[in-house]
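Spelled out, the chains give:
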Amino acid sequence: MPSQEGAHSATQATEETVASALWYVGQDRCAIVPEILPPLASGLCRVRALASGISRGTERLVMSGAVPQSEWTRMRAPHQSGVFPFPVKYGYASVGLVENGSEALVGKLVFSLHPHQTLFDIPESSAVPVPDGVPPGRAVLAANMETALNALWDAQPSPGDHICVVGAGVLGLLTAWLAAQIPATRVVVVDINPARACVCAKLGLAFSRPEDAPQDQDLVVHASASAEGLATALRLAGDEATVLEMSWYGTRPVPVPLGAEFHSRRLVLRSTQVGSIPAARRARWTHRRRLEVALSLLADARFDTLLTPIVGFADLPALLPKILADCPEALAPVVAYPPQR
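Keep in mind it's a predicted model, so treat the numbers as computed, not measured. (Residues numbered from 1 in each chain as written. Predicted model: local features only at pLDDT ≥ 70, side-chain atom pairs only at ≥ 80, totals over all residues. Heavy atoms only, no water.)

Undergrad: What exactly am I supposed to notice about the environment of Gln117 here?
TA: Positionally, Gln117 belongs in the loop between β7 (109-112) and β8 (119-123). A relative accessible area of 2% means that Gln117 is categorised as buried. Sequence-wise, Gln117 and Cys327 are 210 residues apart; in three dimensions their C-alpha atoms are separated by 23 Å. For Gln117, the residues in contact, after removing those within four places along its chain, are Ala19, Ser20, Ala21, Glu35, Leu37, Ala49, Lys89, Phe313 and Tyr337. (Helix = DSSP H or I, 4+ residues; strand = E, 2+ residues; numbered from the N terminus. Buried < 20%, exposed > 50% of the residue type's maximum accessible area, 1.4 Å probe, protein only. Contact = heavy atoms within 4.5 Å.)

Put into structure tokens, the structure is as follows:
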């Protein structure tokens, strides 16, 4: 069981608050652990969580212990506790109300890159106000939208482009939706799961099975986290087009079909990663500015169709392993927290 980092002595118990946090404690195992919060320090605010988002791709790798040792430092979430592989308190999409802090923040709904926890303290600079009209559950998509935004900055699509996004998970769908906002683009989402056609329709996106997908695309974004999906993405790209790889595979080796026509067609296979702002924008954009834009993009109520399933915080140890391992209907799982007593 994880140690209580920073816990104060029993003599200070009357000044401390006990919260609850989710820890990944072993391969395919997680647990809810008491978390001691000391008296609120200057410059911090105390946030009571209303909802948090589960990243099925990243947290699946964390729970399975598949984060490569070479990435242990780069993969640290901003408010992570513990170290990879286990035990580790991991997550980066929490929305809650500020209960204590500066007058400017108290009572505000904020987003923060914090793990799954009922009550937590963060620097006030890390609490990003959620725009009016974006409810807590939908606001947990901010981290995913930020990743999609960063991916399009890397991909550099242009008006009128024909674009395929391979993989109708939450990242693929958000990336496709963003690309479809560019004037005159033709965007098609490609997935092997026909049930995703309904989700695409609700977002105003075209859907195709891989065998029927359009070829000769100006840009292909791959977000299926599978070798088969990557092969499909390369097949759909037009000559000298870019295939942008959004998937992250952890320690799993992935075969890439770089033979046949790959070189003669002069295809570009490019990676993207949200940890860094693209060089062309780095001098002007901060991570906070990017996150604020991502939150503003969530004003569309159609994104609520992505929020499935919704699971209670207390049920996470029993349900999370299944949600991460084998839950084809899941898109962006949302953790719901108990109301304040």
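Undergrad: Whenever I open this one, the packing of helix α1 (residues 56-63) against helix α9 (residues 316-325) confuses me. Can you help?
TA: One can describe the packing of α1 onto α9 by two numbers: an axis separation of 9 Å at closest approach and a directional angle of 115°. The handedness of the crossing between α1 and α9 is left-handed. For the pair α1 and α9, the contacting residues are Arg56, Glu59, Arg60 and Met63 in the first and Leu320, Pro321, Ile323 and Leu324 in the second. (Axes fitted to C-alpha atoms, helices over the stretch in contact; angles between N-to-C directions. Left-handed = near helix turned anticlockwise from the far one by under 90°.)

Undergrad: Looking at this structure, how should I read the pattern of salt bridges?
TA: Side chains carrying opposite charge are able to pair once their charged atoms draw close together. By the definition in use, this model includes 12 salt bridges. Taking the shortest distance from any N to any O, the salt bridge between Arg270 and Asp154 comes out at 3.9 Å. On the criterion of sequence distance, the pair formed by Arg270 in strand β15 (residues 268-271) and Asp154 in helix α3 (residues 142-155) is long-range, its members being 116 residues apart. Judged by relative accessible area, Arg270 falls into the partly exposed class, the value being 36%. Salt-bridge contacts for Arg265 lead to Glu261; the nearest nitrogen and oxygen are separated by 4.0 Å. Connected via shared salt-bridge partners are Asp239, Glu261 and Arg265. (Salt bridge = Lys/Arg side-chain N within 4 Å of Asp/Glu carboxyl O.)

Undergrad: When you look at α3 in this model, what are you seeing that I'm missing?
TA: Residues that lie three or four places apart on an α-helix share one face, since the helix turns once every 3.6 residues. For α3, spanning 14 residues, the distance from its first C-alpha to its last is 20 Å, which sits close to the expected 20 Å at 1.5 Å a residue. Counting buried residues in α3 gives 14 out of 14 residues, a clear majority hidden from the surface. Where α3 ends, the next residue or the one after it, Gln156, has phi of about 55°, a positive value. (Expected span 1.5 Å × (residues − 1).)

Undergrad: Please clarify how the packing of aromatic side chains should be interpreted in this entry.
TA: Note on aromatic pairs: each is described by the distance of the centres and the angle between the planes. A complete count under the given rule lists five aromatic pairs for this structure. Considering the side-chain rings of Tyr90 and Tyr92, the 6.0 Å spacing of their centres and the 90° angle between planes classify their relative orientation as edge-to-face. Each member of the aromatic cluster is reached from another via a ring pair, and the members are Phe84, Tyr90 and Tyr92. Here the basic side chain of Arg289 rests over the ring of Trp285, its NZ or CZ set 3.6 Å away from the ring centre. (Phe/Tyr/Trp six-rings, centres within 6.5 Å; stacked < 30°, edge-to-face > 60°. Lys NZ or Arg CZ within 6 Å of the ring centre and 35° of its normal.)

Undergrad: Which parts of the structure should I look at to understand the environment of Gly167?
TA: Here Gly167 is to be found in the loop between β10 (162-166) and α4 (170-180). Overall, the relative accessible area of 3% leaves Gly167 in the buried class. With 54 residues separating them along the chain, Gly167 and Val221 place their C-alpha atoms 8.6 Å apart. The residues contacting Gly167, other than those within four sequence positions of it, are Gly172, Leu173, Val190, Asp191, Ala223 and Ser224.

It is worth stressing that arrangement in space is one thing and function is another; only the former is reported here.
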